[in-house]
Amino acid sequence: MTRKTLWRTTVAGGAAAVFTGLAAVPAGAAEGGVSFTRVTVNGGEPIVIGVKEEVEVRAYFRMTTKLKYDSGPKVFPYRGKLDSSDELWDSIITSDCRVVDRKKGVCDLEEWLSIDPRNGDFGNEDAGTWKTAARVYLAGDAHDTDDENLPLQVKRATRLTVNATPEPVTRGKTLTVKGTVTRANWDTHTYQGYAGRTVSLQFKPSGASSYKTVKKVTSNSKGALKTTVKATESGTWRWTYYGNSTSGARSSGGDHVALR
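Residues numbered from 1 in each chain as written. Predicted model: local features only at pLDDT ≥ 70, side-chain atom pairs only at ≥ 80, totals over all residues. Heavy atoms only, no water.

Here's the deal with the side chain of Lys155
Link 1 in the chain: For Lys155, the position within the fold is in strand β13 (residues 152-156).
Link 2 in the chain: Buried Lys155, no salt bridge; nearest opposite-charge side chain is Glu45, N-O distance 8.2 Å. (Helix = DSSP H or I, 4+ residues; strand = E, 2+ residues; numbered from the N terminus. Buried < 20%, exposed > 50% of the residue type's maximum accessible area, 1.4 Å probe, protein only. Lys, Arg positive; Asp, Glu negative; His and termini not counted. Salt bridge = Lys/Arg side-chain N within 4 Å of Asp/Glu carboxyl O.)

Here it is, written out as structure tokens:
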């Protein structure tokens, strides 16, 4: 099933086209005559989505064709069989053709693809691996759709909190570090405790530029984290979760603790 079927795109020459669904392909209309290359989506990084904020994904690609097309091309995530599949997008805006070779019909294009987690068709089952396709609508209501063989990870956002006590702490005494790890639930549009996660407790000494992992802790049934360490120097503590196939990586903010 297609997501919100609004495709807004900009075609060469600056004209805008608005569609409210996929154009019907006449019987006998053949695909072909268009190639898409140099496709990149989100810089090759996973698309991490929260519960309320619409996510804008940048894509770049090259199209080669001498055929006339009615509306600008696009790339998009899909599952299932090409042209009869789930498509993961709410709106797509494509730049004008930036001509590379006019005689051969080569254009470079930039795209802004939006995904809204509040869309009624969007849910937790959408996390995981998607494929990437490219499509352009040709004159006469035909279209060309190609599988780009480019896997794309779509992940539920995670959040972490941290609190280290006491502040300040006496050198050599015990410091207790707590926190929570939660994950976006796209069905309820809330963040919920993420149980059983291995989360790294990290420390950055005062004046240092990077964090180092001190120990690893497993979250409880409500996503809570708790551990103790010996205070040896002033610095900043944080929790880091490195993610998995359906959940994004995230670090908490830092909690600075000074020694007495």
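Focus on the state of the cysteines
Link 1 in the chain: Summed over all chains, the structure comprises 1 disulfide.
Link 2 in the chain: The partner cysteine of Cys97 in its disulfide is Cys107, sulfur to sulfur 1.7 Å. Of note, the bridge from Cys97 to Cys107 carries an S-S torsion of about -70 degrees and is left-handed in sense. Remark: Cys107 occurs in strand β10 (residues 106-115) and Cys97 occurs in the loop between β8 (91-94) and β9 (98-101); sequence separation between them is 10 residues. (Disulfide = S-S within 2.5 Å.)

Notes on the packing of aromatic side chains
What characterises a pair of aromatic rings is the spacing of the ring centres plus the angle enclosed by the ring planes.
Link 1 in the chain: Applying the stated criterion to the full structure yields 4 aromatic pairs.
Link 2 in the chain: With 4.5 Å between their ring centres and 45 degrees between their planes, Phe122 and Trp186 make a pair best called tilted. On the criterion of sequence distance, the pair formed by Phe122 in the loop between β10 and β11 (128-138) and Trp186 in the loop between β15 (174-185) and β16 (190-193) is long-range, its members being 64 residues apart. The pair formed by Phe122 and Trp186 is uniform in burial state, with each residue classed as buried.
Link 3 in the chain: Look at Phe203 and Trp237: their rings are 4.4 Å apart centre to centre, the planes differ by 40 degrees, and that puts the pair in the tilted class. With Phe203 in strand β17 (residues 198-205) and Trp237 in strand β20 (residues 235-241), the pair connects residues that are 34 residues apart, well separated along the chain.
Link 4 in the chain: A relative accessible area of 6% means that Trp237 is categorised as buried.
Link 5 in the chain: Between the NZ or CZ atom of Arg197 and the centre of the ring of Tyr194, over which it lies, the distance is 4.5 Å.
Link 6 in the chain: The lysine or arginine in question, Arg238, covers the ring of Tyr211, its NZ or CZ lying 3.8 Å from the ring centre. (Phe/Tyr/Trp six-rings, centres within 6.5 Å; stacked < 30°, edge-to-face > 60°. Lys NZ or Arg CZ within 6 Å of the ring centre and 35° of its normal.)

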